[in-house]
Number of protein chains: 2
Amino acid sequence: MEPNTFQLTSIRNLAEKYDYFCLDCDGVIWSGNRIIDQSIDVINWLHSQGKKIYFITNSSGKTREDYRIRIQKMGYSECVEEQIYGSAYTTAKYIKEKYPEITKVRVVGMNSIRKELSAQGIDSEGGEDELTFDNSTGYMSMDDFEKYPLDPAVKAVVVGLDTKYTYAKLSVASLYIQTGGAKFIATNDDAFDVVNGRKMPGAGAMVQSIQFTLDQSGKDRNIYKPEIIGKPNPYVIELIMRDNNITDKTKMIMIGDRPDTDILLGFNAGIDRCLTLTGVVDSLGSIQSWVEKNENFRPIYVVKSFGKLDDSEISQ
Amino acid sequence: MEPNTFQLTSIRNLAEKYDYFCLDCDGVIWSGNRIIDQSIDVINWLHSQGKKIYFITNSSGKTREDYRIRIQKMGYSECVEEQIYGSAYTTAKYIKEKYPEITKVRVVGMNSIRKELSAQGIDSEGGEDELTFDNSTGYMSMDDFEKYPLDPAVKAVVVGLDTKYTYAKLSVASLYIQTGGAKFIATNDDAFDVVNGRKMPGAGAMVQSIQFTLDQSGKDRNIYKPEIIGKPNPYVIELIMRDNNITDKTKMIMIGDRPDTDILLGFNAGIDRCLTLTGVVDSLGSIQSWVEKNENFRPIYVVKSFGKLDDSEISQ
């Protein structure tokens, strides 16, 4: 395979071909609290050209409203909630659409997940601030575990990043799934977020710990698998199309910095995709090693930065 | 393969051939708080016959002393600490022998691990009662994570079951390993303990969650692997031989209820092994399905119960 079988281009060039811009956020628009180049100006320019913009993030820690406020504050003042597809919202929609019979779920994750579920009419328990078994017996004793009163109304466990994760939460989530009734649904399975060079555990760590307790003998890891709703699951693109009456996929493009989530999402959903070099991949050379792992990680376009409208020069 | 290529026998028969009895505990001697059949009488009888008895358990939640007290209370009054090989002790010995340069470790797990490390002269931090970031920002905020002060003296992370596991403990453990210096050592990776029919998460859930955060991209899970010291790692048998000056392996037998830990341990260590039908496997028929997964799960002997000296009748 030749290394450079993708096209070096600019955002301005993409705007000539595409009407619907699906944007990953972290690594494309911002990096932590820093705005990447002129990304907000580029968004405002696309908006002024009549382009439709959708924000797709695997983070489940914020609601659509939280993201709208953040993005407006950054300078895209016309942003509305309907443009935002965080994995908390997307997961709530997925349950509502795919499992309309589920009226209550247990949540491992931040309260944003419970809020988005509630907005879809789905009751929930758990979440970040739930009381744990924080008494003299520890967070959860064998006795606490044995006697834990399961709510028969709970038909699914929804797992996202929970920065207040505890052994008790792990145990109760496992219990709901192992007793047979509850489906196992994850907002995403990202391994980590990079925080100033340190890898901070992501939702995948919670998902893995629960999953491991469900597998018979612990050696055969194929019995229970969660449904993972976030990227690269193409569900979010289908949802954007339905929500916004988009019928022409050839007018959509996915722009992201991660080959294994963003670019693979575009591939899985059957839309075009563009890699930015401002996040996980910082050079053309390193795209190659990703594509060697999985051909579907290959972008169709590469831009140096989404925050540069015209810059198509890329140094290897 | 014929199903019954192992030998049905009795503990009395085994005592004619073997001098060193390595016993799994849960599922062999006791089940939760219940003593299995006359297991303590059998142990006392073996002791009276001059046999040497060693207790091998993957549980890291008790020290040697804790186990001695428990076993004495059950009725084996001559039990001494030197007979007990719990994974907290075994792991401490492993670090002391294999990595004599390591003088301080971070512990995820119960305080028994810290006590056994201390008994081997290894300093530690962490453990079950460590303060978490339990303030208004949650157990561990991004800011807490970014600024967490790593101790350069810590050269390994030791992970066992921690019923007070938190996101902060997960994050700090991951951080010590990902920054390059610290080795990743697990007392065991058991998926769960069965508590009255419910699967209560085991050390493996903690291990998996930490491991997942270390793998580049989260998709390629082969970069960091912990050293797992508990069964079926043959280290414990080698340790028993060294500690007790045992030179003739043909006089040792491993007796346990789990094909994938106890029986495989015997195989890995090159000693004979006997399966009891009082735990994970409850019939001769189901041994077959284990052996189909892995030929090394095959016992050489089967007894209906370790708690029956003479009963060699086994109904299929």
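Parameters at a glance
- Residue indices follow the written sequence of each chain, beginning from 1 at its first position.
- To label them, take the chains in the order written and letter them from A, then take the ligands in the order written and number them from 1.
- Given that the model is predicted, a residue must reach a pLDDT of at least 70 before its local features are reported, and side-chain atom pairs must reach 80 or more before they are shown or counted; all residues, however, enter totals for whole chains, interfaces and linings.
- Only hydrogens and water are set aside when side-chain values are computed; all heavy atoms of the structure are taken into account.
- Strands here mean DSSP runs of E at least two residues long; helices mean DSSP runs of H or I at least four residues long; both are numbered from the N terminus.
- Throughout, the radius of gyration refers to the C-alpha atoms, and the reference size of a globule is 2.2 Å times the residue count to the power 0.38.
- Exposure is judged per residue with a 1.4 Å probe applied to protein chains only, and the accessible area is read against the type maximum: over 50% gives exposed, under 20% gives buried, and values in between give partly exposed.
- Any two residues having at least one pair of non-hydrogen atoms within 4.5 Å are treated as being in contact.
- Two residue types count as positive, namely Lys and Arg, and two as negative, namely Asp and Glu; His and chain ends fall outside the count.
- A charged residue contributes its charge at one atom only: NZ of Lys, CZ of Arg, CG of Asp or CD of Glu.
- Buried area counts how much accessible surface, traced with a 1.4 Å probe, disappears from two parts once they are put together, with both parts' losses summed.
- Contacts described as polar in this section are N or O atom pairs within 3.5 Å, which, within protein, must combine one atom able to donate a hydrogen with one able to accept it, while residues neighboring in sequence count only if both atoms come from side chains.
- At least two DSSP bridges between two strands are needed for those strands to be called paired.
- Inter-axis angles, ranging from 0 to 180 degrees, are taken between N-to-C directions of lines fitted to C-alpha atoms, where helices are fitted over the stretch in contact.
- Any Phe, Tyr or Trp ring, taking Trp's six-membered ring, that has another such ring centre within 6.5 Å forms a pair; planes under 30 degrees apart are called stacked, those over 60 apart edge-to-face, and the others tilted.
- Note on criteria: charge over ring means Lys NZ or Arg CZ within 6 Å of the ring centre, with the direction from the centre no more than 35 degrees off the ring normal.
- The distinction between a cavity and a pocket rests on a 1 Å grid over the protein atoms alone: a 1.4 Å probe fits inside a cavity but cannot get out, while a pocket stays open yet meets protein on both sides within 12 Å along at least five of seven lines, and a residue with an atom within 4 Å of a point counts as lining.
- Grid points are joined across faces, edges and corners, and a volume is the space filled by probe spheres set on the points.
- Residues are grouped as follows: Ala, Val, Leu, Ile, Met, Phe, Trp, Tyr, Cys and Pro are nonpolar; Asp, Glu, Lys and Arg are charged; all remaining types, including Gly, are polar.
- All copies are superposed by least squares; the fitting set is the C-alpha atoms of residues with a pLDDT of at least 70 in both.
- UniProt positions are given in the numbering used here, feature names are shortened, and annotations may be inferred rather than shown by experiment.

- Within an unreviewed UniProt entry, the label attached to chain A reads 4-nitrophenylphosphatase, and the organism entered is Stylonychia lemnae.

1. Thoughts on the overall build of chain A
Move 1: The helix and strand tally for chain A stands at eleven helices and 16 strands.
Move 2: In terms of overall dimensions, chain A is globule-like: its C-alpha atoms have a radius of gyration of 21 Å, near the 20 Å expected for 316 residues.
Move 3: Overall, chain A is about 65 × 40 × 35 Å in size when its C-alpha atoms are taken along their principal axes.
Move 4: Across the 316 residues that make up chain A, the buried fraction comes to 59%.
Move 5: Considering only contacts within chain A whose residues lie at least 6 apart along the sequence, 69% involve residues at least 24 apart.
Move 6: Distance between charge centres in chain A, computed from 37 positive and 45 negative side chains, equals 1 Å.

2. Considering the interface of chain A and chain B
Move 1: Taken together, the contacts link 50 residues of chain A with 50 residues of chain B.
Move 2: Counting each side, the surface lost to burial between chain A and chain B is near 4,500 Å², with a carbon and sulfur contribution of 61%.
Move 3: Of all residues in chain A, the largest losses of buried area upon contact with chain B belong to Tyr167(A), Arg198(A) and Phe212(A), amounting jointly to 17% of the total for that side.
Move 4: Our count for the contact surface shared by chain A and chain B stands at 14 residue pairs in polar contact (both at pLDDT 80 or more).
Move 5: Elements supplying a minimum of two residues to the side of chain A that touches chain B: helix H6 (142–147), helix H7 (167–178), strand E11 (192–195), strand E12 (198–201), helix H8 (203–214) and helix H11 (284–293) of chain A.

3. Some thoughts on the sheet that holds strand E6 (residues 84–86) of chain A
Each strand in a sheet pairs with its neighbour through backbone hydrogen bonds, running either in the same direction (parallel) or in the opposite one (antiparallel).
All names here are of chain A.
Move 1: The strand order across the open sheet formed by seven strands is E1-E16-E15-E14-E2-E5-E6, and the pairing between neighbours is parallel. The outermost strands of the open sheet, each flanked by one partner alone, are strand E1 (7–8) and E6.
Move 2: Where strand E15 (residues 272–276) meets strand E16 (residues 301–303), three bridges bridge the pair, whose relative direction is parallel. Residue Leu-275 lies in a different strand from E16, and its bridge partner there is Val-302.
Move 3: Taken strand by strand, helix H3 (residues 64–74) contacts strand E5 (52–57) and E6, and its axis lies near 125° from that of E6.
Move 4: The strands touched by helix H4 (residues 87–98) are E5 and E6; relative to E6, the strand with the most contacts, the crossing angle is about 85°.

4. Observations regarding the packing of aromatic side chains
Move 1: All chains considered together, the criterion is met by 16 aromatic pairs over all chains.
Move 2: Ring centres 6.3 Å apart and planes at 80° place the aromatic pair Tyr94(A) and Tyr99(A) in the edge-to-face group. As far as the burial class goes, Tyr94(A) and Tyr99(A) line up, both buried.
Move 3: Here the aromatic rings of Trp290(B) and Phe297(B) are separated by 5.9 Å at their centres, their planes lie at 65°, and the arrangement is edge-to-face. Accessibility classification places Trp290(B) together with Phe297(B) in one group, the buried group.
Move 4: Each residue in the set Tyr54(A), Tyr85(A) and Tyr89(A) is aromatic and connected to the rest through ring pairs, giving one cluster.
Move 5: Seen from the ring of Tyr67(B), Lys62(B) lies directly overhead, with NZ or CZ sitting 5.9 Å from the centre.
Move 6: When the ring centre of Tyr85(B) is taken as origin, the NZ or CZ atom of Arg64(B), which lies over that ring, is 4.9 Å away.

5. A look at empty space enclosed by the protein
Move 1: Per the counting criterion, the structure on display carries two cavities of 30 Å³ or more.
Move 2: Taken as a whole, the largest cavity spans an internal volume of roughly 50 Å³.
Move 3: Around the largest cavity, the lining residues are Ile56(B), Thr57(B), Asn58(B), Tyr85(B), Ser87(B), Thr90(B), Thr91(B), Thr187(B), Ile229(B), Gly230(B), Lys231(B) and Val236(B).
Move 4: Within the residue set of the lining of the largest cavity, elements represented by two or more residues are strand E5 (52–57) and helix H4 (87–98) of chain B.
Move 5: When residues in the lining of the largest cavity are grouped by element, the largest group, three residues, is from H4(B).
Move 6: Taken together, the residues of the lining of the largest cavity break down into four nonpolar, seven polar and one charged.
Move 7: Volume-wise, the second largest cavity comes out at about 40 Å³.
Move 8: Lining the second largest cavity, in full, are Ile56(A), Thr57(A), Asn58(A), Tyr85(A), Gly86(A), Ser87(A), Thr90(A), Gly230(A), Lys231(A) and Val236(A).
Move 9: Within the residue set of the lining of the second largest cavity, elements represented by two or more residues are E5, E6 and H4 of chain A.
Move 10: Residue composition of the lining of the second largest cavity, grouped by class: three nonpolar, six polar and one charged.

6. Focus: the sheet that holds strand E13 (residues 227–228) of chain A
Residue and element names in this part refer to chain A.
Move 1: One open sheet holds the five strands; their spatial order is E8-E7-E9-E10-E13, and the pairing between them is parallel. Looking along the sheet, the strands with just one partner apiece sit at the ends: strand E8 (123–126) and E13.
Move 2: Across the sheet, helix H5 (residues 111–119) touches strand E7 (104–108), E8 and strand E9 (156–159), and the angle it forms with E7 is around 160°.
Move 3: Sheet strands touched by H7: E7, E8, E9 and strand E10 (183–186). Its angle to E7, the strand with the most contacts, is close to 145°.

7. Here we look at the relation of the copies chain A and chain B
Move 1: Between chain A and chain B, the superposition needs a rotation of 180° and an axial shift of 0.0 Å, giving an RMSD of 0.0 Å. Viewed as a symmetry operation, the transformation between the two copies matches a two-fold axis. Considering only C-alpha atoms, the residue of chain A closest to the rotation axis is Thr166(A), which sits at 2.1 Å.
Move 2: Looking at chain A, 100% of its interface residues are interface residues in chain B too, so the copies touch through the same face.

8. Observations regarding the UniProt feature "binding site: Mg(2+)" (unreviewed entry) in chain A
All names here are of chain A.
Move 1: The residues that UniProt annotates with the feature "binding site: Mg(2+)" (unreviewed entry) are Asp-24, Asp-26 and Asp-257. The largest pairwise C-alpha distance within this set of annotated residues, which runs over 234 residues, is 8.2 Å, so the set is compact in three dimensions.
Move 2: Looking at where Asp-24 falls in the secondary structure, it is placed in strand E2 (residues 20–24).
Move 3: Once you skip the residues sitting within four places of it in the chain, Asp-24 turns out to touch Ile-29, Ile-56, Lys-231, Met-254, Ile-255, Gly-256, Asp-257 and Asp-262.
Move 4: In this structure the side chain of Asp-24 is engaged in a polar contact, spanning 2.7 Å, whose partner is the side chain of Lys-231.
Move 5: Here Asp-257 lies in the loop between strand E14 (252–256) and helix H10 (259–269).
Move 6: By relative accessible area, Asp-257 is classed as buried at 4%.
Move 7: Excluding its chain neighbours within four sequence positions, the residues that come into contact with Asp-257 are Asp-24, Asp-26, Gly-27, Val-28, Asp-262, Leu-275, Thr-276, Gly-279, Val-280 and Val-281.

9. A closer look at the side chain of Asp260(B)
All names here are of chain B.
Move 1: As for its placement among the helices and strands, Asp-260 is situated in helix H10 (residues 259–269).
Move 2: With a relative accessible area of 2%, Asp-260 lands in the buried category.
Move 3: A distance of 3.0 Å separates polar atoms of two side chains, one belonging to Asp-260 and the other to Arg-258.

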